[in-house]
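# Architecture and fold: a report
As a plain string of letters, each chain reads:
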Amino acid sequence: MANNIYIGNRYVPIFANPVEWDNLREYEPLTIVTYQGTAYTSRKTVPVGTALSNTEYWVVTGNYNAQVEMYRREVDKIKDAYYVLTGIGGIGDGSADNTGVINTFISKIGNKQCTLIVNPGTFKINGGVVIPSNITLLFTGGAIIINNRANLTINSEIIAPLYKIFETNGNLTISVEKNTTGYPEWFGDDLAKAIELFQCVELQHKDYEIDHDVNITKDNFVLKGYSFSTFMNDERHGTRIIENGGRLIIGDISGRVINNFPRNITIENIEIAQLYSTLPVMSVYGVVYGRFKNLTFSCSGAISEGVHITKAVSTIFDSCRIQVTNNTGTFFGFNCTDDGNPIAAGGNASLYFKYCSVSDTGDTINGRSYGWYLNGNSSDTFLDHCETTTCTIGLSISGANKEAGANDIFITNCIFDSCRETGVVISAISVNGAINLDNVYVAKDRVNNTTHSLFHIQNCNATILAKNLQGIALNENNLGLQLIGDCNGLFDGVFNGMNTPYTNNGSTTNVKVTYLHDGVLTNV
């Protein structure tokens, strides 16, 4: 195997100092000298008294012109542009105060562009330091401790590998204009600190733990990780946030005015796992233009919710998955609620779920679960190509009565599979608007002596436009489509596996139903 590690003499040319050739000096190999306007480079060690005409030792490499002078200036420029922290008087023993040393250096540099190298060592700051934008910080193994009541402001670019470069017992401020992306590793895997200081936080293929609530309230904020992947038979761990005593809260939890809500928050490619808590895995409050993509929410036990969503406007959930195991309580996958407030304070408007799913492998006797729970004011909500598996109820829409006006909901190309009770429940809707169901499939394969309906509509004043409904039940006692109370709408579906495909226990004035059951088409 070839060895590409150089062992031996120097192989990079240097300028002699002074550069003018002196017959009384000995020169190292690859030393550049000048004499009467011509540059020479030594082939090997040159003994004292060796003439420049001796081609065994010297080779002509160029006239001493502007090009050679440019090289010299560039070398001087590089030498003057890099400074080592210990070289300017810094002490990296973890106890000495470096405030004065750094401030003196900053004063001497002035406006000159340069790089300060934080070499191996632990450099403490006990006072106030402001790194100007012209001094780049390059970490090569060292770290900075910001002591209690100390203040470090960095207005310049930070260049560092993924290790702990800051210990922040005091105050740290970092310019987001110069540093668009930060890493929890710079703070000892402290995710909350990275979110606090940077506009974009990038996570690695590893676990991050939070033991307190982490609230994201910045405009134009991005939190991104890496999905689990397999590459060339090498399984790579995805990014996972483990909530051990804390939770992720997105938006303004106390906000009352929509114009003050944070905007353009993006979170993608992360698994969030909740441990030992009954709180939601993630809460979305008061967000405008939220983007949540390729997220997995994992939880178990008596946890209440996967994602709690309220006061969200024009927000998208794309390819997000909720997985609950050992569920022993009442669980809501995506809980979209207005928390009892009107749209200006608490309702949701324009929520879009696409390719999302909820699965429940919990207690089939004591636990209850809802895949989607649209409770209260959730205007213009879309479910597109979404799915639930083994939930008690796949989708529940209820109580949209907080605001007069449109309350349009669109459910298209969705599958509610292996429901323990009911696939779709729509009840207590008392506003105008429409609920649209198109190509919705419900399967109920749990044998249950209690009679349940696959599609249950009750007291719904909103117009329901349902076509291409598909319902399959393994228990013949179950119902296909059940209407109770005052309902309005058109229904078109195929129902199999039950004795009663359709029943109406309320008003039939504004209802038209067409269904296919066991090969027989019926119009009601």
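The structure reproduced in this document is the subject of the present report. Values in this document were obtained by computation on a predicted structure and should not be read as measured data.

On to the state of the cysteines, then. Considering all chains together, one arrives at zero disulfides under this definition. Among the cysteines around Cys414, which has no disulfide bond, Cys386 carries the closest sulfur, lying 4.9 Å off. As a non-bridged cysteine, Cys460 has Cys487 as the owner of its nearest cysteine sulfur, 6.3 Å distant.

Before going further, it helps to examine the environment of Ile131. By the element assignment, Ile131 lies in strand E9 (residues 128–131). For the pair formed by Ile131 and Asn103, sequence separation is 28 residues and the distance between their alpha carbons is 8.5 Å. Once residues lying within four places of it in the same chain are set aside, the contact partners of Ile131 are Ile102, Ile106, Leu137, Leu152, Thr153, Ile154, Asn155 and Ser156.

Right, let's talk about the sheet that holds strand E14 (residues 166–168) for a bit. Strand order across the open sheet formed by four strands is E6-E8-E11-E14, with parallel pairing between neighbours. Across the chains shown, the open sheet's two edge strands, defined by having one partner strand only, are strand E6 (93–97) and E14. On average, each strand axis in the sheet is tilted by 20° relative to the strand beside it, whichever way the strands run.

Turning to the pattern of salt bridges, a few remarks are in order. Once the charged atoms of two side chains with opposite charge are near each other, the side chains can pair. Evaluation of the coordinates by the stated rule reveals ten salt bridges. The residue Asp213 makes a salt bridge to Arg247 at a minimum N-O spacing of 3.8 Å. Highlighted residues: Asp213 in the loop between strand E18 (207–210) and strand E19 (214–216) and Arg247 in the loop between strand E23 (240–244) and strand E24 (248–251), separated in sequence by 34 residues. You can call Asp213 partly exposed: its relative accessible area is 41%. On the accessibility criterion, Arg247 (12% relative accessible area) is buried. Between Arg368 and Glu421 there is a salt bridge, with the nearest N and O atoms lying 2.7 Å from each other.

Parameters and conventions
Residues numbered from 1 in each chain as written. Predicted model: local features only at pLDDT ≥ 70, side-chain atom pairs only at ≥ 80, totals over all residues. Heavy atoms only, no water. Disulfide = S-S within 2.5 Å. Helix = DSSP H or I, 4+ residues; strand = E, 2+ residues; numbered from the N terminus. Contact = heavy atoms within 4.5 Å. Pairing = 2+ DSSP bridges. Axes fitted to C-alpha atoms, helices over the stretch in contact; angles between N-to-C directions. Salt bridge = Lys/Arg side-chain N within 4 Å of Asp/Glu carboxyl O. Buried < 20%, exposed > 50% of the residue type's maximum accessible area, 1.4 Å probe, protein only.

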